[in-house]
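# Reading the structure
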Amino acid sequence: MDAKELLRRYIEQRRELGESELVLDSLNVEDVLRVIGAAGASRPSRAARAAQAASPTVREFDPADTRDWRTSLRDAGVNVDTPITAATPPVDVSPKPEPPAITTTDDMAFKKGIVVASDEADLIPDTILKLRSLDEIAEKVKKCRRCPLYETATNAVPGEGDPHAELVCVGEAPGAKEDETGRPFVGQAGQLLTKILAAIDMTREQVFICNVLKHRPPGNRNPQPEEVEACSPYLIRQLELIKPKVIVAFGTFAAQTLLQTKTPLGQLRGLVHRYHGIPLIVTYHPAALLRNPAWKRPTWEDVKLARRILDSAPRS
Ligand code: SF4
């Protein structure tokens with residue numbers, strides 16, 4: 001099989017999984033299929049057509065499409081029934097059972113996860129505890145010298161959104177684009193976050209979006225424990241002022257930091273944790289979804305769980 005044919009099959013597989021964007025160039029999936037002359041390239045997938053009819057803003061995040069891409073590959077003459085070797089673990093694309101409906105706080109207690117201590121007064125220095133608004137926190141963050149990260153960063157990224165948001169999205173730390181703009185979750189991962197929110201009928205303006213760290217670690221290296229310790233009081237104070245109904249931690253680092261655990265993300269998902277008394281849901285980081293589109297469906301299940309809490313639970 002020549003390289004062009006392999007590329008065509010790969011791109012078609014990506015399309016069947018709901019992808020319509022390519023990360024490494026400015027072409028989308030349909031453009032590439034047209035360039036390489038694939039049959040049916042101009043026709044959007046069933047999932048794309050259905051989602052586009054419902055809402056153009058969510059058409060590229062369509063986890064409701066449970067069609068098996070193996071069918072398309074079989075139609076193209078590819079043997080997909082031979083077991084895949086251990087070197088390339090199989091991607092489970094079978095429909096997953098719905099997470100249990102959450103209607104009361106008793107239900108949440110039934111499936112509760114890790115609870116983090118709520119005595120935040122011990123953790124927050126007086127100067128941060130006295131900050132009375134998100135704007136005051138943002139100003140403080142811009143002048144912060146509590147750890148060395150300000151020295152290498154271009155801009156502080158304190159967070160943005162509705163100061164009375166019912167849902168707060170927390171990521172790890174600013175990346176290059178965030179450092180450049182001073183805004184959280186911009187660039188490709190940010191665009192995907194916008195689509196994830198749209199899938200539960202929310203906009204960026206309705207939520208508050210921030211990171212554990214407010215300045216970018218150089219070269220996107222992993223945050224150091226002392227940096228997290230120095231910066232966490234800002235996040236705690238932000239959450240204390242916003243008083244959201246639910247927090248969604250995006251990615252392993254945000255989840256493990258907020259929950260003070262080394263438990264893998266896979267074991268933290270699907271549970272309702274508590275962070276300083278606020279229900280917390282764990283899911284994949286949008287940047288990880290760009291690398292592995294098969295995680296879109298579980299991410300959708302996670303944010304649906306957060307949506308159920310929003311729709312049912314009183315504020316803490
Ligand atoms: S990362 Fe946090 S603690 Fe470190 S300088 Fe920035 S705001 Fe301060």
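For the structure itself, look to the data block above.
Heads up: these notes are all about the structure in this document. For every chain, the first residue of the written sequence is number 1, and numbering continues from 1 along that sequence. The predicted nature of this model means local features are confined to residues of pLDDT at least 70 and side-chain atom pairs, given and counted, to a pLDDT of 80 or more, with totals for whole chains, interfaces and linings taken over all residues.

## Re the site of the ligand
To keep it simple, the criterion reads: Near, for a residue, is defined by distance from a backbone-placed C-beta atom to a molecule or strand, with 6 Å as the limit that must not be exceeded. For the purposes of this entry, the term helix denotes a DSSP run of H or I that reaches at least four residues, the term strand denotes a run of E that reaches at least two, and both are numbered from the N terminus. Residues are grouped as follows: Ala, Val, Leu, Ile, Met, Phe, Trp, Tyr, Cys and Pro are nonpolar; Asp, Glu, Lys and Arg are charged; all remaining types, including Gly, are polar.
Neighbouring residues of the ligand: Val141, Cys144, Arg146, Cys147, Leu149, Tyr150, Leu213, Lys214, His215, Glu227, Ala230 and Cys231. In terms of residue count, the dominant contributor to the shell around the ligand is helix H11 (residues 225-242) (three residues). Here the shell around the ligand is built from residues that sort into eight nonpolar, one polar and three charged.

## A few points about the pairing of strand E3 (residues 167-171)
Using the following cut-off: To assign burial, the other C-beta atoms lying within 10 Å of each residue's own C-beta are counted, with C-beta atoms placed from the backbone; 20 or more indicates buried, 12 or fewer indicates exposed, and intermediate counts indicate partly exposed. In this scheme, strands are said to pair when DSSP sees at least two bridges between them.
Counting buried positions along E3 yields five of five residues, so the element is predominantly enclosed. Of the two faces of E3, both are covered, the one formed by Leu167, Cys169 and Gly171 as well as the one formed by Val168 and Val170. The pairing of E3 with strand E5 (residues 246-250) spans four bridges and is parallel. Across the sheet, Val168 pairs through a bridge with Ile247, a residue of E5. When E3 meets strand E4 (residues 208-211), the two strands line up parallel, connected through four bridges.

## Notes on the environment of Phe253
Rules: Placing a C-beta atom from the backbone of each residue, one calls two residues in contact when those atoms lie within 7 Å.
Relative to the assigned elements, Phe253 resides in helix H12 (residues 252-259). Taking the C-alpha atoms as reference, Phe253 lies 5.8 Å from Glu172; in sequence the two are 81 residues apart. Here Phe253 is in contact with Glu172 and Pro223, once residues within four sequence places are set aside.

## Observations regarding the nonpolar core
To be explicit about the condition: Nonpolar cores are identified as sets of buried Ala, Val, Leu, Ile, Met, Phe, Trp, Tyr and Cys residues joined via C-beta atoms within 7 Å.
Within the largest apolar cluster, 59 residues are counted, with the highest numbers of intra-cluster contacts made by Val168, Val170, Val248 and Ala249. The element that contributes the greatest number of residues to this core is helix H10 (residues 187-199), accounting for six residues. Those residues in contact with Ala249 that lie beyond four places of it in its chain are Val170, Ala254, Ala255, Leu258, Leu280 and Val282.

## A few points about the pairing of E4
Side chains of E4 alternate between two faces, with Phe208 and Cys210 and Ile209 and Asn211 buried alike. For strand E2 (residues 160-161) and E4, the ladder comprises two bridges, and the chain directions are antiparallel. Note on E4: the bridge partner recorded for Glu160 is Ile209.

## Comments concerning the environment of Pro286
By secondary structure assignment, the location of Pro286 is in helix H14 (residues 286-291). Between the C-alpha atom of Pro286 and that of Gln188, which follows or precedes it by 98 residues, the distance is 8.5 Å. If we skip the residues at most four places from it in the chain, Pro286 touches Ala189, Leu192, Leu193, Ile196 and Phe250.

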